[in-house]
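# Report on the structure
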Amino acid sequence: MKELGIDREANWRTFPKWQITAVSILLLMHVLPAAAQDGDRTANAAKANADSTMAQAEQRYSFDIAPKPLPQAIAEFSAVTGLQVLYTEQSTFGRTAPALKGTFTAGDALRRLLAGSGLVGRFTSPTAVTLGRPGSQSADGPFELGPITVEGGQESAYGPVTGYKADRSASATKTDTPIINVPQSIQVVPREVIDDQRATTLADIAKNISGVQAAGTFGNRAEALRIRGFEQFAFTTDGLPSSQFFGDESFLDLANVERVEVVKGPASVIYGQSDPGGRVNLITKKPLDKPYYAAEVTAGSFGFVRPTIDLSTPLTENKAVKFRINAAYQRDDSFRDFFVASERKFFAPTGTLEISSDTRLTVSGQYFEQDNQFDRGIVALGEGVANLPNSRYLGEKFSTFEADQIRVQYLLEHDFNDAWSVRNSARIVTGSASRFSADPRGLLPDNRSLRRRALTQESDNNEYRFQNDILGKIGGGLIRHDILIGVEAARSERKVQFATAALAPIDIFNPVYGATPGPFGAPSIVDNRINLVGVYLQDQISIGDHWHILAGGRFDYAKLRSESGGSVLKPTERDFSPRAGVVFKPIETISLYGSYAQSFTPETGSTFDGTPFKPETGEQFELGVKAEFFDGRLSATAAVYQLTRQNVTTSDPNNPGFSLQTGEQRSRGLELDITGEIMPGWKVIASGALIEAEITEDNNFDPGNRLNNVPEISGSLWTTYEFQQGTLRGLGFGAGIFAVGEREGDLANTFKADGYIRTDAMVSYTYKEKIKAQLNIENLFDVDYIEAPRSRNEIYPGAPLTVLGTISIKL
């Protein structure tokens, strides 16, 4: 097809062929005179019809159609153009049209609305267009418009989101699926929210999502989150998870992140070993078809400076080779009384090669380096957090942490035909970390002197991961299957050498710094290796327009080797993780769903009698409803669930120093998430959660104790408005409220962290969509609050009032 969708030359050549064929046949029937007259009439009618169609094709119309379900967009298209669009309800059910704004011909406009839907159209008369699949009887012919890919067109699960509302995701199924059709709660925080809030950490992202809380930083080293009450510190990037045993050695930078997705509940059927609360998947930026150059600088309170660049360009005229670079540098003196500023350096190149129309290769890399002050936060006193300034630092100047990491990965995709494809990916991760820290060890009886020790630690990490997926579509009409067959193999290695020394206590109310460590003891070495192989199968079944069934399972084989102090353990573990769910859509914009899923996490170690530990398992039941409002611009998800974590290790009461697997923890909750655009320029992302998370069986802690750092009630509301026209066009405002209820500080429930309400605000101005100035105020009312209590000796305070200013340029 030609670029504008209508091949005029092919159209004029076609009609003489019809005349010749008709004349030949009628000659054989000995009716040459009549045939000649009919042929003249047919040719004249066809020529008139073609002239009318060409005039229709050349006429231009003004469109302003928001993203919405495809049938609604087609209705608006018809209202503007006067064209009748013919299609079957089944062909458009569940499909969404992208935004369309500007002046286009009817053919070009329709192609853009159909982009990514798999449908094509052709003019069947000067006033009618028929839609169908390529090659189908309804859409085959000389006026076929043909499917195209339009930048900024229909959303892909692997690409950017326009605005605040995502329509599709692959994080829960490894297939590009409308979120409304997945029987599981999935929340997406797009790039626009990240930029509007000036988010730089996953904790900044988490506050927008129901049932997700920041869970501390392991001493200002790396992040952890709590999802539905359970901790998650191993995050996924583009569908490739980090080792569940070791997690990520450092903070993850968001400079190259397009969207952050949270899949609630067990995800072992897709990702293998996984904590039961959920999985966080970071979708990274990909090279663009058009040149794109952007740079920004953010600076503000406590010496915070963060410049970033984002450069993308095709390297060949046919755009078969494309390249993109994201880079960032960050320096922060912190609101804490640190002696050393924190620094991060990040560099992420990505390239794509379109080998053929059916084969694509993407290669990407990341380099990350950080140098931080090691910091466990503040401590508990009595039944609450010690009454200390949130800035109080209880370490020493020498207490630092350094880390670096390199990631290299590729994705090779090949389409055998319209129904079957294969996807192969692999990643290599290598990194090292160095820690010299002053660790808190608990208050002395005077309730002001904090015992400490010095620790020096060196660690090396390596990971090798391989995935291969076969995707297929089977059937049609009433019953359709989307099949996923996959295999994954991974090897993770972490070697740690550490030693400890005595260190003088510090007065938490009147600290005097300058203590030096005593002699270090003999170093200890811990060497862990994990080999994992998983095989998985998934079937997404669509029955008519109203039912969607998801069924799958994964079998994992894990071989572990743990060496410490001359002792070597080599357990092997096998586990099967099933998942099943069903979605019923009474109407196009509402889905009711229910699901069941399991998870597993291998455990190292053994009981007193030498019996290896079984994998820790999780089990979840979930019911929910998803809905779309305002012509698909706003979406909401409400879910109720019960999640049980089993085989939790707990102390053996008869054999001190050993453990048993008799522990069990349970989380029950109700969640609500809302995101999208209420009206042009007015966007919102909001959440609310009610969680009951408690210990149900344990030898150390009383059953009924609440899980630490899990508020019973939490919620958030962030909204922005930008003027769309007039003299104030480009001026935007935003504000947010983030509320967290009271939390238990440890599993023994010996102290509590108070709840809080934090308020943020934003104002911005965009000039000609190229230059933007933005001012963000975090914690507007300077509230003292605790962000994450992990134990009596590790409590992370929240930042006070913080002001950030940003200047960004896009070309």
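On a predicted model such as this, the values are computed, not experimentally measured, just so you know. (Residues numbered from 1 in each chain as written. Predicted model: local features only at pLDDT ≥ 70, side-chain atom pairs only at ≥ 80, totals over all residues. Heavy atoms only, no water.)

### Some thoughts on the overall build of the protein chain
For clarity, the cut-off: Helix numbering and strand numbering both begin at the N terminus, where a helix is a DSSP run of H or I of at least 4 residues and a strand a DSSP run of E of at least 2. Burial classification: accessible surface area is computed with a 1.4 Å probe over protein chains only, and a residue below 20% of its type maximum counts as buried, one above 50% as exposed, and the rest as partly exposed. The contact criterion used throughout is that any non-hydrogen atoms of two residues lie within 4.5 Å. Each accessible area is a Shrake-Rupley estimate made with a 1.4 Å probe; only the visible protein chains count as cover when residues are assessed.
Counting its regular elements, the protein chain contains eight helices and 46 strands. Every one of the 811 residues in the protein chain was classed for burial, and the buried ones make up 54%. The contacts of the protein chain with a sequence gap of at least 6 include a subset with a gap of at least 24, amounting to 65%. A total accessible area of about 34,100 Å² is found for the protein chain, and carbon and sulfur atoms account for 58% of it.

### Points about the pairing of strand S22 (residues 359-373)
Worth spelling out the cut-off: Here, strands pair whenever DSSP counts at least two bridges between them.
Relative to S22, strand S21 (residues 342-356) is paired through eleven bridges, and the arrangement is antiparallel. Residue Thr-350 lies in a different strand from S22, and its bridge partner there is Ser-364. Between S21 and S22, which follow one another and run antiparallel, lie two residues.

### Points about the sheet that holds strand S15 (residues 240-241)
What the five strands build is an open sheet, ordered S10-S16-S17-S14-S15; its pairing is mixed. Of all strands in the sheet, those bounded by a partner on one side alone are strand S10 (186-190) and S15. Note: S10 against strand S16 (residues 257-264), five bridges, orientation antiparallel. The partner of Ile-186 across the bridge, within S16, is Val-263.

### A word on the side chain of Ser-687
As a reminder, the rule being used: N or O atoms within 3.5 Å of each other form a polar contact, as long as, within protein, one can give a hydrogen and the other can take it, and as long as residues adjacent in sequence are counted only when both atoms are side-chain atoms.
Considering the arrangement of structural elements, one finds Ser-687 in strand S37 (residues 682-697). Given a relative accessible area of 13%, Ser-687 falls into the buried group. Only 2.7 Å separates the side chain of Ser-687 from the side chain of Ser-716, close enough to count as a polar contact. Here Ser-687 is in contact with Lys-207, Asn-208, Ile-209, Ser-210, Leu-672, Asp-673, Gly-715 and Ser-716, once residues within four sequence places are set aside.

### A short note on the packing of aromatic side chains
For any pair of aromatic rings, the description consists of the separation of the ring centres together with the inter-plane angle of the planes. As a reminder, the rule being used: Ring pairs shown here join Phe, Tyr and Trp side chains whose ring centres sit within 6.5 Å, with only the six-membered ring taken for Trp; geometry is labelled stacked below 30 degrees between planes, edge-to-face above 60, and tilted in between. Here, over-ring charges are defined by two tests on the NZ atom of lysine or the CZ atom of arginine: distance to the ring centre within 6 Å, and angle to the ring normal within 35 degrees.
Summed over the entire model, instances satisfying the criterion amount to 15 aromatic pairs. Seen from the ring of Tyr-641, Arg-228 lies directly overhead, with NZ or CZ sitting 4.1 Å from the centre. Across the ring face of Phe-251, the terminal group of Arg-344 is positioned such that the distance to the ring centre comes to 4.5 Å.

### Here's the deal with the sheet that holds strand S12 (residues 225-227)
The cut-off we apply is this: Every axis in this analysis is a line fitted to C-alpha atoms, fitted for helices over the stretch in contact. Angles between the N-to-C directions lie between 0 and 180 degrees.
Within the open sheet, the three strands sit side by side as S11-S12-S13. Their pairing is antiparallel. Two strands close off the open sheet at either side, each with one partner strand: strand S11 (212-214) and strand S13 (230-232). If you compare each strand with its neighbour and ignore which way they point, the axes differ by 30 degrees on average. For S12 and S13, the ladder comprises three bridges, and the chain directions are antiparallel. When the sheet's bridge partners are listed, Leu-225 is paired in S13 with Gln-232.

### Some details on the nonpolar core
This is how the line gets drawn: In this text, buried Ala, Val, Leu, Ile, Met, Phe, Trp, Tyr and Cys residues form a nonpolar core when linked through side-chain atoms within 4.5 Å.
Among the nonpolar cores identified, the biggest contains 24 residues, and Ile-194, Leu-202, Ile-205, Leu-254, Val-260, Val-280 and Leu-282 are the most heavily contacted of them. Looking at this core, the elements that each hand over two or more residues are helix H6 (191-197), helix H7 (202-206), S12, S16 and strand S17 (278-284). Residue contacts for Leu-202: discarding those within four places in its chain leaves Glu-223, Leu-225, Phe-235, Leu-252, Leu-254, Val-260 and Leu-282.

### A closer look at the pattern of salt bridges
Selection rule: For this analysis, a salt bridge means a side-chain nitrogen from Lys or Arg found within 4 Å of a carboxyl oxygen belonging to Asp or Glu.
Inspection of every chain in the model, using the stated rule, returns 51 salt bridges. With a shortest N-O distance of 2.7 Å, Arg-554 and Glu-488 are connected by a salt bridge. With a gap of 66 residues between them, Arg-554 in strand S30 (residues 547-564) and Glu-488 in strand S28 (residues 479-507) connect regions that are remote in the sequence. Across the pair, Glu-488 and Arg-554 agree in class, each one buried. Ionic pairing is found between Asp-527 and Arg-529, a salt bridge with its closest N-O pair at 3.3 Å. By relative accessible area, which is 11% here, Asp-527 ends up buried. Residue Arg-529 is classed as partly exposed on the basis of its relative accessible area, which comes to 31%. Through salt bridges with shared partners, one network takes in Arg-427, Glu-463, Arg-465, Glu-488, Arg-554 and Asp-556.

### What about the side chain of Ser-342?
Topologically, Ser-342 is positioned in strand S21. When neighbours within four sequence positions are excluded, Ser-342 is seen to be in contact with Asn-220, Gln-330, Arg-331, Asp-332, Asp-371, Asn-372 and Gln-373.

### Quick word on the environment of Arg-427
Tracing the backbone shows Arg-427 in strand S26 (residues 420-443). We classify Arg-427 as buried; its relative accessible area is 2%. Put simply, Arg-427 and Leu-411 are 16 residues apart on the chain and 9.1 Å apart in space, counted from C-alpha to C-alpha. Leave out the neighbours within four places in its chain, and Arg-427 touches Thr-237, Leu-240, Pro-241, Ser-242, Arg-407, Val-408, Gln-409, Glu-463, Tyr-464 and Arg-465.

### Quick word on the packing of helix H3 (residues 70-81) against helix H5 (residues 106-114)
What counts is decided by this rule: An angle counts as roughly parallel when it lies under 35 degrees, as roughly antiparallel when it exceeds 145, as roughly perpendicular when it falls between 65 and 115, and as oblique in every other case. Polar here means any residue outside two lists: the nonpolar Ala, Val, Leu, Ile, Met, Phe, Trp, Tyr, Cys and Pro, and the charged Asp, Glu, Lys and Arg; Gly therefore counts as polar.
With their axes 11 Å apart at the nearest point, H3 and H5 run at an angle of 170 degrees to one another. Taken together, the axes of H3 and H5 are roughly antiparallel relative to one another. Between H3, through Leu-70, Ala-73, Phe-77 and Thr-81, and H5, the contact on the second element is made entirely by Ala-106, Ala-109, Leu-110, Leu-113 and Leu-114. Of the residues belonging to the contact of H3 with H5, the class tally is eight nonpolar, one polar and no charged.

### A look at unusual backbone geometry
One non-glycine residue, Arg-198, lies in positive phi territory at about 55 degrees. Mapped onto the fold, Arg-198 is located in the loop between H6 and H7. Phi at Asp-238 is positive, roughly 50 degrees, even though this residue is not glycine. Assignment of secondary structure puts Asp-238 in the loop between strand S14 (236-237) and S15.

### Description of the environment of Val-305
By the secondary structure assignment, Val-305 is in strand S19 (residues 304-314). Here the alpha-carbon distance between Val-305 and Gln-330, two residues 25 residues apart in the chain, equals 5.7 Å. Setting aside chain neighbours within four positions, we find Val-305 in contact with Thr-298, Ala-299, Tyr-329, Gln-330 and Arg-331.

### Focus on the pairing of S16
Counted residue by residue, S16 has eight buried out of eight residues, so it is predominantly covered. Strand direction decides the pairing type here: S16 and S17, joined by seven bridges, are antiparallel. Bridge pairing in S17 links Arg-259 to Ile-283.

### A look at H3
For clarity, the cut-off: What a helix should span is 1.5 Å times the count of its residues minus one. Here the arc refers to the directions that run from the helix axis out to each C-beta atom.
Taking 1.5 Å of rise per residue, the twelve residues of H3 would be expected to cover 16 Å, and the 16 Å separating its terminal C-alpha atoms lies within 8% of that figure. Along H3, the residues that are buried comprise Leu-70, Pro-71, Ala-73, Ile-74, Phe-77 and Thr-81. For H3, the angular spread of buried residues about the axis comes to 155 degrees, placing them on one side. Just beyond H3, the residue with positive phi is Gly-82, at close to 80 degrees.

### As for H5
With eight of nine residues buried, H5 is to be regarded as a mostly interior element. Among the residues of H5, those classed as buried are Ala-106, Gly-107, Asp-108, Ala-109, Leu-110, Arg-111, Leu-113 and Leu-114. Looking one or two places after H5, you find Gly-116, whose phi comes out positive at around 85 degrees.

### Observations regarding the confidence of the model for the protein chain
For clarity, the cut-off: Per-residue confidence from the prediction method is given by pLDDT, with values spanning 0 to 100.
Per-residue confidence for the protein chain averages 87 on the pLDDT scale, and 88% of its residues sit at or above 70. Mean pLDDT across the secondary structure elements of the protein chain bottoms out at helix H1 (residues 8-28), with 35, and peaks at strand S43 (residues 771-778), with 98. Scored below 50 in pLDDT, residues 1-54 shows 36 contacts in the model against residues more than four places distant or in partner chains. pLDDT under 50 marks residues 135-153. Its contacts with residues more than four places away, or in other chains, come to 45 contacts.

### Thoughts on the environment of Asp-64
Position of Asp-64 among the secondary structure elements: in strand S1 (residues 60-65). Judged by relative accessible area, Asp-64 falls into the exposed class, the value being 58%. Considering only alpha carbons, one finds Asp-64 and Gly-102, 38 residues apart in sequence, at a separation of 6.6 Å. Dropping the residues within four chain positions of it, Asp-64 is found in contact with Glu-76, Leu-100 and Lys-101.

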